[in-house]
Amino acid sequence: MRLSQYFLPLLRENPSEAQIVSHRLMLRAGMVRQSSAGIYSWLPLGLRVLNKVEQIVREEQDRSGAQEILMPTIQPAELWRESGRYEDYGKEMLRIKDRHEREMLYGPTNEEQVTAIMRDAVKSYRDLPKNLYHIQWKFRDEVRPRFGVMRGREFLMKDNYSFDLDAKAAKHSYNKMFVAYLRTFARMGLKAIPMRADTGPIGGDLSHEFQILAETGESEVYCDRRWLETDILAENLDYDSDLEAFFRHWTSLYAATDEMHKPDSSPIPADQLVTARGIEVGHIFYFGTKYSKPMGAVVAGPNGEEVPLEMGSYGIGVSRLVGALIEANHDDAGIIWPESVAPFRLGLINLRPADDKCRAAADELYRKLRTAGVEVLYDDRDESPGAKFAAMDLIGLPDQLIVGPRGLAAGTIETKSRRSGKREDLPIDAALARFVG
Ligand code: 5CA
């Protein structure tokens, strides 16, 4: 993409409405614009990141055996009356009437909707287990939407729902998601720590929040220092094996949210305890028959008896993750994207577009990179070098290639790693080889 043609409305000044760094940087880097409180439009650069995050989530869901569906955003109120949550949900639920005066709502979550689908489609224990996910916009009329996409009213969530015949099978489904979540966040370069948590309006008695540590996190969290050294991606895990031992091992290290942490009876010594702020990027629940019983979602068991479905639900804040990733990856100059979620892999800067040699060399590099399938944002604008460096640092692409007259005279271009700041002069072909293939 040529920056001269790209829709990237950068802001030079810090927007006064933004209290935390990710919100500031998302506005300044032209990723999002606010529509109304807690509701955002995603502009090209922001949407590229959102799509990358979504794709990693999707791949890890698929790997675990979950199957993708797409349920509507608008749901009928009757479904929620069946579960008893229509009144309980209170003002956070956006209630709508259609032209026939039928009560509808904009879904804050989808337990009822998916339970209705399964109730109609699944009749026998032989149809189980099933795990269905979708990635869909949700609406919660939060009292205080804030921090940009981190606590929005409209936000993108991956939510999935497992259906099993009995509690043991349902725990296996829970364990699979536990693994899938650890892997998902690790692939984004985030250390998300599972913490025993309250179940709130979703219900149930087994639940973990996945918290990443960041100074601007909304809640105080506590964990064993050894959590910080774990590496889930180094583990070779088979989803069909018994994951209970794995689950026990990974929950044996202490980790607790503020509500769960008891300072006086903390099981680990003070020097081993990390106290930090956390951002909740995922939350998983096992709630058994809380929805299937009142909604009559049953199957015929092995002996012909009626068995209510054992269920769990599992959420990831896809749009919140974009903010959380920035909270965990930035410096004074701007964002520093981890490679796996970067909107473009490379930034190519032409310092002198008016110079024929510079333009020819930069155009040629751009062509070769694109042919090789490298995602590159090419700053071919007629701007000062300072403005170009600042823009590239602000949007935080992992590496920069800088073409200028002095280097070209010696047959080289400069590379710069955004994260380490390390710069190198390399022959053009060597620079290309580093990012191609
Ligand atoms: N039905 C369950 C699991 S599917 C559920 O709704 N869980 S939740 O309420 O914990 O939400 C799941 C995830 O969505 C949270 O962990 C959080 O990352 C994200 N999330 C929740 N509320 C918001 C919000 N207002 N803005 C942005 N993300 C949010």
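Everything discussed here concerns the structure shown above.
All of the points below concern the structure found in this document. Note that the structure is a prediction, hence the values are computed from the model and not measured.

1. Considerations on helix 2 (residues 44–64)
Reasoning step 1: Its 21 residues place the ends of helix 2 30 Å apart at the C-alpha level, agreeing with the 30 Å of an ideal helix rising 1.5 Å per residue.
Reasoning step 2: By the burial criterion, the buried members of helix 2 are Leu45, Gly46, Val49, Leu50, Val53, Glu54, Ile56, Val57, Arg58, Glu60, Gln61 and Ser64.
Reasoning step 3: Just downstream of helix 2 lies Gly65, where phi reads positive at about 100°.

2. Observations regarding the sheet that holds strand 20 (residues 376–379)
To summarise the sheet geometry, strands pair through backbone hydrogen bonds and adopt either a parallel or an antiparallel arrangement.
Reasoning step 1: Taking strand neighbours across the sheet as the criterion, the five strands line up as 20-19-21-22-23 in an open arrangement whose pairing is mixed. Here the strands that pair on one side only, and so sit at the sheet edges, are strand 20 and strand 23 (423–427). Recorded for the sheet is a direction-independent mean angle of 25° between the axes of neighbouring strands.
Reasoning step 2: Of the pairings in the sheet, the one linking strand 19 (residues 346–350) to strand 21 (residues 399–403) comprises five bridges and is parallel in character. Each residue of the ladder has a partner; that of Leu348, found in strand 21, is Leu401.
Reasoning step 3: Set on the sheet, helix 11 (residues 385–395) makes contact with strand 19, strand 20, strand 21 and strand 22 (412–417); between it and strand 19 the angle comes to about 175°.
Reasoning step 4: Contacts from helix 13 (residues 428–435) reach strand 19, strand 21, strand 22 and strand 23 within the one sheet, and its direction differs from that of strand 23 by about 115°.

3. Let's talk about the environment of Asp98
Reasoning step 1: Position of Asp98 relative to the elements: it lies in the loop between strand 5 (94–97) and strand 6 (103–106).
Reasoning step 2: Between the C-alpha atom of Asp98 and that of Ser173, which follows or precedes it by 75 residues, the distance is 38 Å.
Reasoning step 3: From its side chain, Asp98 meets the backbone nitrogen of His100 in a polar contact 2.9 Å long.
Reasoning step 4: Within the local environment of Asp98, its side chain forms a polar contact with the backbone nitrogen of Arg102, the two atoms lying 2.9 Å apart.

Scoring rules and cut-offs
- Residues numbered from 1 in each chain as written.
- Predicted model: local features only at pLDDT ≥ 70, side-chain atom pairs only at ≥ 80, totals over all residues.
- Heavy atoms only, no water.
- Helix = DSSP H or I, 4+ residues; strand = E, 2+ residues; numbered from the N terminus.
- Expected span 1.5 Å × (residues − 1).
- Buried < 20%, exposed > 50% of the residue type's maximum accessible area, 1.4 Å probe, protein only.
- Pairing = 2+ DSSP bridges.
- Axes fitted to C-alpha atoms, helices over the stretch in contact; angles between N-to-C directions.
- Contact = heavy atoms within 4.5 Å.
- Polar contact = N/O pair within 3.5 Å; in protein donor to acceptor, adjacent residues only side chain to side chain.

What is shown is where atoms sit, not what they do.
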